[in-house]
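Examination of the molecular architecture
These are the residues of each chain, in order.
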Amino acid sequence: NNTSMRYSLLLCLIHGAAASMFSSPRKAVRLKRLCWARRSSPSCVAESTLPKTTTFDAAEFDRSVMNTYGRYSLVVDYGKGCRIWDTNGNQYLDFAAGISTCALGHAEPRLAAAVSDQMQRVHHVSNLYYIPQQGELAKKLLATNGADRAFFCNSGAEANEAAIKLARKHAHDKLGIRSPVIITAKSSFHGRTLATLTATGQPKYQQGFGPLLAGFEYVEYNDVHGLEALARRLSPPHTSWLAARRKPRLAAILLEPLQGEGGIVPATREFFEVARRICDETGALLMVDEVQTGVGRTGKFWGHQHLGVAVDVITCAKALGGGVPIGAMMCTTRCDVFTPGTHASTFGGNPLACSAGLAVLNAIEEDDLLANVKARSEQLQAGLASLQASTGFIKEIRGWGLILGVELTQECGITAAQLCAAALKTGLLMVPAGRGR
């Protein structure tokens, strides 16, 4: 419910580097201290051996940069592995990972070398020409899922925007639908562009930006009966003369396999199976937003692989470039309806971004990071379960792999946001999530 969800907490650990911090019981105990310490601890804040940067003026920053984030007071100087340092030389254990982005940690040598080498060779050309790195990255990505073709862009919002356009064009060209509708889930998050903001099932993000785009309907996440009822309304079965006269409108169902912003809530297998059946019956596309869950964070390469359901469209970004901006939308052959001029991106899939993506995928394979994600997740969940038993402050532990949520009890007296602020003072970075936070 709305009250309990405000206590959800997001832990987006780094796939490899940050997770290695918990390779021993002693360090697991240290994690417990970090999570629940209420005062600054000397063991969590260490002096850097590198020279400090020039003095930072927050007021000057705020005079020049738009106020679109509620920023913490932390001023980042540099990072290494799973840690970052501020401009005062204080050290922090980074459980935020750039919000599910820094898959290899900070200043990872292979990623840094790949980007540096490519920058000195050729960093950007138009997609009017063949870019070998783009083709290589597409091939490696497609080998991890059931998709057949890839389109590259710069962010998760752009990847989802591409998916929305693809679904509409597929509905027009293949299904003959004039007014297509895409079903998304309440409490979802799909981006900040006008289309992806409309797809996002959270009114708090949409306020002040109306009129929103037409063509979206919402259902409660994991509500099987609600999804079936909404699908019947949009594409009624031809069981009567009247129903046969009503034109179908369902173009796609767009879902996150695990809701991150919504409070770290995994989908149920039944919910995805019903969505698959509906799409098979109507010709609509089942599209998964893997922007936060994709590229190994959950212990499988793609979050929806936990659910055992085939999909038509996959979107990703964040961890794909390990912090270098890149996004991708992948689809199966049956819905590959884009043709030259129907969709494009100036920077999408350029040599620099694709070199970063290749470095990330190669490192995941070379270091067997999926196995490490699973092992570190088990270790972390065991430590959190111990805290749950000893404190009584944890209502539920949710998530997959290294995207975990801790829902706090109302009796503990603090919200997720307050806990994150307190953890920051002890040298631990976390992110609040869920309704109210």
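Below or above, wherever it landed, is the structure these notes cover. (Residues numbered from 1 in each chain as written. Predicted model: local features only at pLDDT ≥ 70, side-chain atom pairs only at ≥ 80, totals over all residues. Heavy atoms only, no water.)

So, on to the overall build of the chain. Looking only at helices and strands, the chain features 15 helices and 17 strands. Looking at the 437 residues of the chain, the share that counts as buried comes to 54%. Long-range pairs, those at least 24 residues apart, make up 73% of the contacts in the chain with a sequence separation of at least 6. Element-wise, carbon and sulfur atoms account for 54% of the exposed surface of the chain, whose accessible area totals about 20,000 Å². (Helix = DSSP H or I, 4+ residues; strand = E, 2+ residues; numbered from the N terminus. Buried < 20%, exposed > 50% of the residue type's maximum accessible area, 1.4 Å probe, protein only. Contact = heavy atoms within 4.5 Å. Areas by Shrake-Rupley, 256 points an atom, 1.4 Å probe, with all protein chains shown as cover.)

Time to look at the pattern of salt bridges. Proximity of charged atoms lets side chains of opposite charge pair with each other. Per the counting criterion, the structure on display carries 17 salt bridges. Between Glu108 and Arg110 there is a salt bridge, with its nearest N and O atoms 2.9 Å apart. Residue classification places Glu108 among the buried positions, given a relative accessible area of 11%. For Arg110, a relative accessible area of 33% translates into the label partly exposed. Two residues, Glu220 and Lys186, come together in a salt bridge whose shortest N-O distance is 3.7 Å. Taken together, the residues span a long stretch of sequence, with Glu220 in the loop between strand S7 (216-219) and helix H10 (224-234) and Lys186 in the loop between strand S6 (181-185) and helix H8 (194-199) at a distance of 34 residues. On the basis of relative accessible area, Glu220 is assigned to the partly exposed category, the value being 36%. Each member of the salt-bridge network shares a partner with another, and the members are Glu108, Arg110, Glu366 and Asp367. (Salt bridge = Lys/Arg side-chain N within 4 Å of Asp/Glu carboxyl O.)

A word on the sheet that holds strand S16 (residues 428-429). The four strands lie next to each other as S2-S3-S4-S16, forming an open sheet whose pairing is mixed. The open sheet is flanked by strand S2 (76-80) and S16, the only strands paired with a single partner. Note: strand S4 (residues 91-94) against S16, two bridges, orientation parallel. Its bridge partner being in S16, Leu93 is matched across the sheet by Leu428. (Pairing = 2+ DSSP bridges.)

Another point: the sheet that holds S7. Ordered by their spatial adjacency, seven strands build an open sheet running S5-S13-S12-S11-S8-S6-S7, and the pairing between neighbours is mixed. The sheet is open, and its two edges are formed by strand S5 (149-153) and S7, each paired on a single side. Looking at each pair of strands side by side, their axes are set apart by 20° on average, direction ignored. In the sheet, S5 pairs with strand S13 (residues 327-331) via five bridges, with the strands oriented antiparallel. Looking at S13, one finds that Ala150 is bridged to Met330. Lying on the sheet, H10 is in contact with S6, S7 and strand S8 (250-255); it crosses S7 at an angle near 155°. (Axes fitted to C-alpha atoms, helices over the stretch in contact; angles between N-to-C directions.)

Looking now at the nonpolar core. The biggest cluster of nonpolar side chains holds 61 residues, and the ones touching the most others in it are Leu137, Leu141, Leu227, Ile253, Val295 and Leu320. With nine residues, helix H13 (residues 351-366) is the single largest residue contributor to this core. Setting aside its immediate chain neighbours within four residues, Leu227 contacts Ile183, Val219, Ile253, Phe271, Val274, Ala275 and Ile278. Grouped together as the second largest cluster of nonpolar side chains are 25 residues, Ala163, Ala167, Cys331 and Phe338 included. (Core = buried A, V, L, I, M, F, W, Y, C linked by side-chain atoms within 4.5 Å.)

This structure, assessed with the given rule, holds five aromatic pairs. Between Phe56 and Phe61, the aromatic rings sit 5.9 Å apart at their centres with planes inclined by 50°, giving tilted as the arrangement. Residue Phe56 is classed as partly exposed on the basis of its relative accessible area of 39%. We classify Phe61 as partly exposed; its relative accessible area is 29%. Look at Tyr78 and Trp85: their rings are 4.7 Å apart centre to centre, the planes differ by 5°, and that puts the pair in the stacked class. (Phe/Tyr/Trp six-rings, centres within 6.5 Å; stacked < 30°, edge-to-face > 60°.)

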